[in-house]
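Next come the chains, spelled out residue by residue.
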Amino acid sequence: MKGAISVVYVLLTDGFEEMEAVAPIDLLRRAGAKVVTVGIGAKTVTGSHGVPLVCDITDENAALDSGLRMLVLPGGPGAQALHKSAFADRAIRFAFERGLFIGAICAAPSLLGRRGLLRGLRATSYPSYLDDAPGVIAVNAPVVRDGSIITARGPGASSDFALCLVEALFGPAKAESVGKAILKT
């Protein structure tokens, strides 16, 4: 896909964890990805700590066949709304069935686990959120990548998670370059 634009959807609902959403949005855009924030049910969503974010589009106008290469699912209390969203379910299944990258952090890996999509895969999450995920190989690490699935523990791992997403799309050299630019590495 040399020269192709890497489209990334970040799904957001009221109650999203701000650090877990903004770090991937920011670092993926710095790397050159076309990041599209998708508001589930509304164009403006408010994070779990009161920070409003105006999304690029809503789930009503999101097209899954628009060159999508990655889906990012922030955690926080908003992850429960993602569990109930028909669009989020379609997007997760679309990405998984096509082998697209899926990044999920904090409570969001449970979206994959409850659907049985982590069976036989290594993954991490905020403590206890993978307890009911059938067949997952739970790993106690800040960030875990197993094939096209990238999971992370929580807000403290946000920049490492975002850099792992950058590496997945663009390779280690780009992730290192972006990391150096933010004084991470």
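Structure shown above.
Predicted model only: the values in this text are computed from it and were never measured.

### What about the packing of helix α1 (residues 18-31) against helix α5 (residues 158-170)?
The packing of two helices is summarised by the inter-axis angle and the distance between the axes. With their axes 8 Å apart at the nearest point, α1 and α5 run at an angle of 35° to one another. When you trace α1 past α5, the crossing you get is right-handed. Mapping the contact onto sequence places M19, E20, A23, P24, L27, L28 and A31 in α1 and S158, S159, F161, A162, L163, L165, V166, L169 and F170 in α5. Its residues assigned to classes, the contact of α1 with α5 comprises 13 nonpolar, two polar and one charged.

### Let's talk about the side chain of H83
One can find H83 in helix α2 (residues 79-84). Here H83 falls in the buried class, since its relative accessible area comes to 17%. Only 3.4 Å separates the side chain of H83 from the side chain of R114, close enough to count as a polar contact. Setting aside residues no more than four positions away along its own chain, H83 makes contact with S110, L111, R114 and R115.

### Points about α5
Structural remark: α-helix, 3.6 residues per turn; residues separated by three or four positions point the same way. Between its first and last C-alpha, α5 extends 18 Å over 13 residues, near the 18 Å set by a 1.5 Å rise per residue. Turning to α5, its buried residues are S158, F161, A162, L163, C164, L165, V166, A168 and L169.

### Focus on unusual backbone geometry
One non-glycine residue, C106, adopts positive backbone phi at about 70°. With respect to the helices and strands, the residue C106 is situated in the loop between β7 (101-105) and α4 (109-113). Taking relative accessible area as the criterion, C106 reaches 8% and is therefore assigned buried.

### A few points about helix α3 (residues 86-97)
Taking 1.5 Å per residue as the helical rise, α3 with its 12 residues ought to reach 16 Å, and the 16 Å between its terminal C-alpha atoms agrees with that figure. All of the buried residues along α3 are F87, A88, A91, I92, F94 and A95. When α3 is viewed along its axis, its buried side chains cluster within an angular range of 165° and face the same direction. α3 presents A86 and E97 as exposed residues on the side facing more than 90 degrees away from its buried surface. Contacts made by the buried residues of α3 are with β1 (7-12), β2 (34-39), β6 (68-73), α2, β7 and α4. The backbone nitrogen of F87 has a side-chain oxygen 3.3 Å away, supplied by the residue at the start of α3, namely S85. Positive backbone phi, at 70°, marks G99, one or two positions downstream of α3.

### Brief notes about the sheet that holds strand β11 (residues 149-152)
One open sheet holds the seven strands; their spatial order is β5-β2-β1-β6-β7-β11-β10, and the pairing between them is mixed. The open sheet terminates on both sides in strands that have one partner only, identified here as β5 (57-58) and β10 (143-146). Looking at chain direction, β7 and β11 are connected through four bridges and run parallel. Considered in β11, the bridge of A104 is made with T151. Those strands touched by α3 are β1, β2, β6, β7 and β11, and its axis lies near 130° from that of β6.

Calculation rules
- Residues numbered from 1 in each chain as written.
- Predicted model: local features only at pLDDT ≥ 70, side-chain atom pairs only at ≥ 80, totals over all residues.
- Heavy atoms only, no water.
- Axes fitted to C-alpha atoms, helices over the stretch in contact; angles between N-to-C directions.
- Helix = DSSP H or I, 4+ residues; strand = E, 2+ residues; numbered from the N terminus.
- Left-handed = near helix turned anticlockwise from the far one by under 90°.
- Contact = heavy atoms within 4.5 Å.
- Nonpolar A, V, L, I, M, F, W, Y, C, P; charged D, E, K, R; others polar.
- Buried < 20%, exposed > 50% of the residue type's maximum accessible area, 1.4 Å probe, protein only.
- Polar contact = N/O pair within 3.5 Å; in protein donor to acceptor, adjacent residues only side chain to side chain.
- Expected span 1.5 Å × (residues − 1).
- Arc of directions from axis to C-beta.
- Pairing = 2+ DSSP bridges.

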